[in-house]
2 protein chains.
Amino acid sequence: MASALPVSQTVKRKLSLHVDKDLAAIADLHYRPVYEWVEKPINVVHFTPEPASWFKLEQVHRMSIDQLQNTPLGKNDDLILDFGSHRVGYLSFYLDAAGDNVDAPCRLRFVFGEVPTDVTEDLSSCNTWISTSWLPDEVINVDWLPCQVNMSRRYSFRYVRIQVLDTSQKYRCLFANIQVRATSAVSPAVFNAIPPLNAEDPLLLQVDKISQVTLRDCMQTVFEDGPRRDRRLWLGDLRIQALTNYSTFRDLKLVKRCLFMFAAVAASDGSLPACVFEHPTLRAASDYIVDYDALFGVVVYEYVMASSDLDTAKALWPTILGSLRVPLSHLDPETGSFVSSRTELWKFLDWDERLHPDAAMHGLLLFCLKRAEDLAALLGYPPPYTDVIKRMTTAATSVFLCRGVSGGGSRCEDGLFTSGPEKQISWLSHAWMTLAEVLPSDQSKRILVSVMHDPQALRPLCPYGWAVFAEALAKCGAKQECVSILKEYWGGMVERGADTFWECFDPNDSRKSPYGDCRNNSYCHAWSCSPAWLLRDVLKLGY
Amino acid sequence: MASALPVSQTVKRKLSLHVDKDLAAIADLHYRPVYEWVEKPINVVHFTPEPASWFKLEQVHRMSIDQLQNTPLGKNDDLILDFGSHRVGYLSFYLDAAGDNVDAPCRLRFVFGEVPTDVTEDLSSCNTWISTSWLPDEVINVDWLPCQVNMSRRYSFRYVRIQVLDTSQKYRCLFANIQVRATSAVSPAVFNAIPPLNAEDPLLLQVDKISQVTLRDCMQTVFEDGPRRDRRLWLGDLRIQALTNYSTFRDLKLVKRCLFMFAAVAASDGSLPACVFEHPTLRAASDYIVDYDALFGVVVYEYVMASSDLDTAKALWPTILGSLRVPLSHLDPETGSFVSSRTELWKFLDWDERLHPDAAMHGLLLFCLKRAEDLAALLGYPPPYTDVIKRMTTAATSVFLCRGVSGGGSRCEDGLFTSGPEKQISWLSHAWMTLAEVLPSDQSKRILVSVMHDPQALRPLCPYGWAVFAEALAKCGAKQECVSILKEYWGGMVERGADTFWECFDPNDSRKSPYGDCRNNSYCHAWSCSPAWLLRDVLKLGY
C-alpha cells in the first residue's frame, strides 16, 4: 500500500487514538530484533542508453571494488555501486583522503536505487502526490577524514549512486570497506535453508526465489508493505506476506505480533485501520479501507491453519467480529448485495480507479465471512454468519451474475459476473467470487479462464490484484493458467530485470505509477511476493 | 586565513608529516573542552528588499517564537530564525507533528547565516575556488516524529533558515524548544566579567564589544581563524587573537597549547606551516606563508610578556630560530634587503594581490628579528640577530626609502617607502616598516599619516592588513588617526550591521571576496578582532 492518498480519495474518519494496552503488550511480547548481516558491493557500474530494454538502460561494468578503493574521487565524480541483489539496511564505509590536507568537509550525495532508473534519473523533478521525502537520496557532510561513516537511516536498494559534491583542491576522497548491514526478520540461515522449488522451469525457479527475497526484505520488526517507502504494516499486504511466510520461512511469531498490533488499535466501532504505525509508538493510521478491514479474520484463520494456535484465535475473536461490522454495513438490506456507495469509505481492491468495486467487494466479503465461520467451527463457537452467507450467496448470482443478457456494451452471455450499471467485467470480480465459492468449482474455473482470455475484461494494475486472480485460478483447479500467469506476469518482471517484485507492473508501460510518478514507486513490495506460496502450497507444483 | 589557495598561488612544498611527540604532548596537556551554554532564538523574521542598506535587505519581524511553536509547517514553508547575535554551536529542537499521522519522513533544509544574505540568497550557484562543502547548509530527514533532533555538526550563525522540503498530506511539523548549544573556550562568566571600555563614544564601545564577541566565537579548542569555515589555527590570525585575548579573556593556556601545536609540526628545515589541523589528529597543513612563519617568535615573545612564562619561551627557542630560517633566506646577500622573488613561496600580508610584498616583508621580518632579539635578552641568551638587524635596518632606508626621487608615476618626494620596480606605495609597507622601528617614531608617524591620507596609496583589503596599519599608527603615537581608523573601518562594519567582524570588508563593495564569491566569506573572523586590544592596551583609551 501507499503512504498517503490523494485528498479526493480520502474519506476523513475520526482517527482513533485508543490503544488497548493488553493487546499491545502481547504484540510487544512478540517483538524480536531483526537479524543483521554484512553484504558488500560487487562492482562499480554505469548505465548506457539501450532503447530496447525495459528501463531503456544497459548496465556496464566500470571498475572493481578493489579498483575503487584505490581511486581518489573529487568534485563532480559520480559512480554507481552494484550490490548484486536487493538489500535492506544501513550503508557504511571508511572514508579516507588522498592529497595534502583535508582542509574542508567532504560533501557527498547518495541515491539508493532499487532499479537502474533510480540512480540514473534526476529525482528533484519527481511529480508525485505522496511525500517526496520518501525519495531515496541523502546528502551528508563529513568534517574530519579519514573516518568511519555509518549512515543512520535504513535504505532499500541494489544500487548506490555516490556523487562527490565537493572535497577541496587539496584532497580527494577514497572509499574503503563499503558495506551494508543488511536486516531482516529472516536470518540468512533460515533463508538459505529453504529448499529449491521442485520444478524444472528456470523461470519458475527464479520467480519462486525472487518472491522469497521480496518477502525477506519486507519482513523486519513488522511485515512492512515495502522497505523503501511506507515501511508500515498494511492489512492487505499482511495476508499475502503471512501466506508466503508459511510456505517458506515460517516465522509465526512475527505474524502473531502483527495480528495483535492491529487488534490493539481497533476503533470504537470495531473497525481496523488499513495500516498501523510501529514508530515512535504503536498507533492506528487514519487510512481506512473496507476490504482490508474485512480481511483481518481471514489472516487470523490462515494463521491458525498454519500454526494450530487456537488461543490466539480466541483472543482475537472479538476483534474479528468487530472488523466485519463496517464491511457488512454495505449490504443492501433487500438484496443482500454489497453496495459500495452506501458509504464513501475507500474500497481499494487494486490501484486501478476504473474498477467498479461492488462485485469484487461482494465476493471478498463473502469469502471473509466464510473464513470467520470456519474459524468459529474450529473454536467450537456458534456460527455467526450463516444467514448472511446464505443471503450473500444468493445475491452473488441474482445480482451480479449475468446470464444470457447483453447489456451496456459488455458481454454477459457467458454467465459472467458484472459490476455496476455499465456491467463491468473484471478479473477481480471473478477472482473474489471464485474465492467466495459462489459457483461450483468447475463453473468458476470455466468463467475465470474465459475472463482471463477476454481482452476487454479489466485487468488488475498491481501485483496485489494479480495475486488474487492467480490465487483464484489455483484454488478452482486452473493450475495451468495459474502457472502461466506466474510466468507471464511475475516472470515478466524477472525478464525485465527484477531482483525483487515490484509494487506496480504494467507490462505495457515501464513508467506506470499509482502515485503520479514512478520515481516514488516501491520495487520490493510485499503484496507481490505470493508466487512462492502459490507454487509451493496451492499449486503444490511438482510435489 | 582561507581554507585553500588558487592553484596558481600555491607553491607546492613537500608536506612534513613529522609530529614531535614531546611537543605535541605539551599541547595536549593544555587541551581543555569548550564551555557550553544554551541560547534561544529571539524571533522569526523575514527580509524585504532595501536598496539603501549594505546587504540590500531590511529585517522585519514575522512572528514570535511562541507563535512559531503553534504554527504547523508544511511543504515549501520557509522561515528564518533570528538568534539576536552571533553564535557558534549545535542546533537542536523538538520536532512534533500536527495532523492525523506521520506517514512519511520530514525532510528539512537548514541554512546557517552569519549575515542576512546567507539566508536569503541561493547558495547552489556560489562560484568560489575554495570548497563549496563549506557552504552552511544541511538537509536532514527525520523518520519518526515527534522526536528530539540534535544536529551533529557545529555551525556559526546568527540566522537559521528552515525550509520544509516535505512532510506529507497527512501532517505538518511543529518546532519546539529550538536552541543552540553554544560553545567557546571563553565561559559566559569570563565573557560577562570584562569591564566595558573606558570610553564615551558609543561606536567605539560597540567596536570593542564586537571585537570580543568575534574573539570569543573564534576561541574553541584552538584559536580558530573563523568558526564558519576553516575552523583552523593559522599563525597570522593567532597573533592578533592572542593579543586581544591578553587584553580581555586572558586564556593563557589556550595560547600555550597553540604555540606547542605549531612547534610540534615544524618541518625539517625549521619552517612552520601557515596553519595546523587539530582533527582527526594534529598535523601540519601544506600551506606555507613566509610572513606567518616569521611571526612565530613574535607570538611567543608577546605570550611571555603577557604571562611571564619564560619556561615556554625556552622550550620554544629552537623552534623560533628554525622558523626564521626560510624568511631570512630571502635577504639579498649584497644589500640585505628582502627580495620576495628569491623563492616562489607565498608572501601573504593581505589578500590584495596588487600588493608588491618586498618592502612590507622587509619591515615584517625586521620586526620579527627584533622581537627574537628581545626574547633572547629576556632568556639571557646571546643575541642571535644583531648583525642582520643592523644590515636590514640600513637596507630599509637605502633600498626602500625613496627620497626626493620621483619614479614610475608614484610620488617619492615625501620620503616614503616604496616597493618594486613600480615604486609602489602601500599602507602595509609603511605599517611594517613602522613596527620595525626603521625610522624615528615621529618620522614614522608623519609618513604613516601622510600615506593614510594619500588616495593613491594601496590600502589593505582585509581587516588583517588594516589591523597591522592600525597597530602601527597606535605604536608610533598617531593615536587619533588610529581611533579614526577603528571608527571608520571597524565602525563601518558595525554601522552596516555586523554582529562580529568580517573576514573581508571593502567599504565600496558589499560583495567583495578573496574567494570569488562572498557567499563563502566568513563573517566572524579572528584577524578582525584587534580593536579591543588596540583600544585597551595600545591606545590605552581613557585609562
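Residues numbered from 1 in each chain as written. Chains lettered and ligands numbered in written order. Predicted model: local features only at pLDDT ≥ 70, side-chain atom pairs only at ≥ 80, totals over all residues. Heavy atoms only, no water.

Per an unreviewed UniProt entry, chain A goes by the name Glycoside hydrolase family 78 protein and belongs to Zopfia rhizophila CBS 207.26.

**Thoughts on the pattern of salt bridges**
Our working rule: A pairing counts as a salt bridge when a side-chain nitrogen of Lys or Arg comes within 4 Å of a carboxyl oxygen of Asp or Glu. Only DSSP runs of H or I covering at least 4 residues are called helices, and only runs of E covering at least 2 are called strands; the numbering of each starts at the N terminus. Remark: exposure states derive from per-residue accessible area (1.4 Å probe, protein chains only) relative to the maximum for the residue type, with buried under 20%, exposed over 50%, and partly exposed in between.
Tallied over the entire structure, the rule returns 60 salt bridges over all chains. One salt bridge connects Arg153(B) with Asp143(A), and the closest N-O pair in it is separated by 2.6 Å. With Arg153(B) in the loop between strand E7 (147-150) and strand E8 (155-166) and Asp143(A) in the loop between strand E6 (137-142) and strand E7 (147-150), this pair bridges two chains. On the accessibility criterion, Asp143(A) (16% relative accessible area) is buried. Connected via shared salt-bridge partners are Arg239(A), Glu302(A), Glu471(A) and Lys475(A).

**A look at the packing of helix H15 (residues 463-475) of chain A against helix H17 (residues 531-538) of chain A**
All names here are of chain A. Filter applied, for reference: The axes used here are C-alpha line fits, helices contributing only the stretch in contact, and every angle between their N-to-C directions lies in the interval 0 to 180 degrees. An angle below 35 degrees is treated as roughly parallel, one above 145 as roughly antiparallel, one from 65 to 115 as roughly perpendicular, and anything else as oblique. We call two residues contacting when some pair of their heavy atoms lies within 4.5 Å. For this classification, the nonpolar set comprises Ala, Val, Leu, Ile, Met, Phe, Trp, Tyr, Cys and Pro, the charged set comprises Asp, Glu, Lys and Arg, and every other residue, Gly included, is treated as polar.
Contact geometry of H15 with H17 gives a least axis separation of 10 Å together with a crossing angle of 5°. Taken together, the axes of H15 and H17 lie roughly parallel to each other. In contact with Ala467, Ala470, Glu471, Ala474 and Lys475 of H15, H17 contributes Trp533, Leu534 and Val538. The class makeup of the residues in the contact of H15 with H17 is six nonpolar, no polar and two charged.

**Thoughts on the relation of the copies chain A and chain B**
Here is the rule we go by: Superposition of the copies used a least-squares fit over C-alpha atoms from residues whose pLDDT is at least 70 in both.
With an axial shift of 0.0 Å and an RMSD of 0.1 Å, the rotation relating chain A to chain B amounts to 180°. Taken together, the rotation and translation relating the two chain copies correspond to the operation of a two-fold axis. Judged by C-alpha distance, Val139(A) is the residue of chain A that lies nearest the rotation axis, at 3.3 Å. When the interface residues of chain A are mapped onto chain B, 98% of them again fall at the interface, so both copies present the same face.

**Focus: the UniProt feature "domain: Alpha-L-rhamnosidase six-hairpin glycosidase" (unreviewed entry) in chain A**
Threshold: UniProt positions are given in the numbering used here, feature names are shortened, and annotations may be inferred rather than shown by experiment.
UniProt records the feature "domain: Alpha-L-rhamnosidase six-hairpin glycosidase" (unreviewed entry) for residues 198-352 of chain A in the present numbering. What you have in residues 198-352 of chain A is 51% helix and 5% strand, and the ends, taken at the C-alpha atoms, are 35 Å apart.

**What about the packing of aromatic side chains?**
All names here are of chain A. Applicable threshold: Two rings from Phe, Tyr or Trp (for Trp, the six-membered ring) form a pair when their centres are within 6.5 Å of each other. A pair whose planes differ by under 30 degrees is stacked, one over 60 is edge-to-face, and the rest are tilted. Lysine and arginine charges are scored as sitting over a ring when NZ or CZ, respectively, is within 6 Å of the ring centre and within 35 degrees of the ring normal.
Scanning the model with the defined rule gives 62 aromatic pairs over all chains in all. Measuring from centroid to centroid gives 5.6 Å for Trp351 and Tyr515, while their planes differ by 85°, and the two rings are edge-to-face. Here Trp351, found in the loop between helix H10 (325-328) and helix H11 (358-379), pairs with Tyr515, found in the loop between helix H16 (479-495) and H17; they are 164 residues apart in sequence, far enough to count as distant. The same class applies to Trp351 and to Tyr515, which are both buried. Looking at Arg371, its charged tip hangs above the ring of Tyr301, at a distance of 5.9 Å from the centre.

**Re the environment of Arg283(B)**
Residues and elements named next belong to chain B. With respect to the helices and strands, the residue Arg283 is situated in strand E12 (residues 283-284). Classification of Arg283 by relative accessible area gives partly exposed; the value is 30%. When the C-alpha atoms of Arg283 and Asp537 are compared, they prove to be 34 Å apart, with 254 residues separating the residues in sequence.

**Quick look at the nonpolar core**
All names here are of chain A. Convention followed: Buried Ala, Val, Leu, Ile, Met, Phe, Trp, Tyr and Cys residues form a nonpolar core when they are joined through side-chain atoms within 4.5 Å. Segmentation of the chain into domains, including their bounds, is taken from an automatic or database domain assignment.
Membership of the largest hydrophobic core comes to 162 residues, with the highest contact counts inside it found for Trp432 and Trp490. Among the elements that make up this core, the one with the highest residue count is H11 (13 residues). Residue-level mapping places this core at the junction of two domains, with at least three residues from each of domain 1 (7-34 + 186-538) and domain 2 (35-184). Among all residues touching Trp490, those that are not within four sequence positions of it are Val207, Pro463, Trp466, Ala467, Ala470, Ile485, Phe501, Ser528, Ser530 and Pro531.

**Focus on the side chain of Lys170(A)**
Along the chain, Lys170(A) falls in the loop between strand E8 (155-166) and strand E9 (171-184). For Lys170(A), a relative accessible area of 12% corresponds to the buried category. With near-sequence residues (within four places) excluded, Lys170(A) lies in contact with Ala98(A), Gly99(A), Asp100(A), Asn101(A), Asp103(A), Ser286(B) and Asp287(B).

**Things to note about the sheet that holds strand E10 (residues 233-234) of chain B**
To summarise the sheet geometry, strands pair through backbone hydrogen bonds and adopt either a parallel or an antiparallel arrangement. All names here are of chain B. Cut-off, in case you're wondering: If DSSP finds at least two bridges between two strands, the strands pair.
The strand order E10-E11-E12 describes an open sheet built from three strands, whose pairing is antiparallel. Two strands in the sheet have a free side with no partner beyond their single neighbour: E10 and E12. Strand direction decides the pairing type here: strand E11 (residues 275-277) and E12, joined by two bridges, are antiparallel. In the strand pairing of E12, Phe277 is matched with Arg283.

**Some points on the domain arrangement of chain A**
Residues and elements named next belong to chain A. We apply this condition: A simple way to read buried area is as the amount of 1.4 Å-probe accessible surface that goes missing from two parts once joined, with both sides added. Polar contacts here mean pairs of N or O atoms no more than 3.5 Å apart (in protein, one a potential hydrogen donor and the other a potential acceptor; neighbouring residues in sequence count only if both atoms are side-chain atoms).
In terms of domains, chain A is made up of domain 1 (7-34 + 186-538) and domain 2 (35-184). Measuring from the centre of the C-alpha atoms in domain 1 to the corresponding centre in domain 2 gives 36 Å. Across the boundary between the two partners, domain 1 contributes 36 residues, which contact 33 residues of domain 2. Summed over both partners, the interface of domain 1 with domain 2 comes to about 3200 Å²; 52% of that surface belongs to carbon and sulfur atoms. Taken together, the links from domain 1 to domain 2 amount to five salt bridges. For the salt bridge of Asp118 with Arg228, the shortest nitrogen-to-oxygen distance reads 2.8 Å. The interface formed by domain 1 and domain 2 holds 21 residue pairs in polar contact (both at pLDDT 80 or more) in total. Among the residues forming the side of domain 1 that touches domain 2, the class breakdown is 14 nonpolar, seven polar and 15 charged.

**Brief notes about the UniProt feature "domain: Glycosyl hydrolase family 78 alpha-rhamnosidase N-terminal" (unreviewed entry) in chain A**
In the numbering adopted here, UniProt assigns the feature "domain: Glycosyl hydrolase family 78 alpha-rhamnosidase N-terminal" (unreviewed entry) to residues 41-182 of chain A. The distance from the first to the last C-alpha atom of residues 41-182 of chain A is 12 Å, and the span holds 7% helix and 55% strand.

**Brief notes about the interface of chain A and chain B**
Counting from both sides, the interface comprises 47 residues of chain A and, opposite them, 46 residues of chain B. Summed over the shared surface of chain A and chain B, the result is six salt bridges. Two residues, Asp287(B) and Lys170(A), come together in a salt bridge whose shortest N-O distance is 2.7 Å. Counting across the interface, chain A meets chain B through 30 residue pairs in polar contact (both at pLDDT 80 or more). When residues in the side of chain A that touches chain B are grouped by element, the largest group, four residues, is from E6(A). When grouped by side-chain class, the residues that make up the side of chain A that touches chain B number 21 nonpolar, eleven polar and 15 charged.

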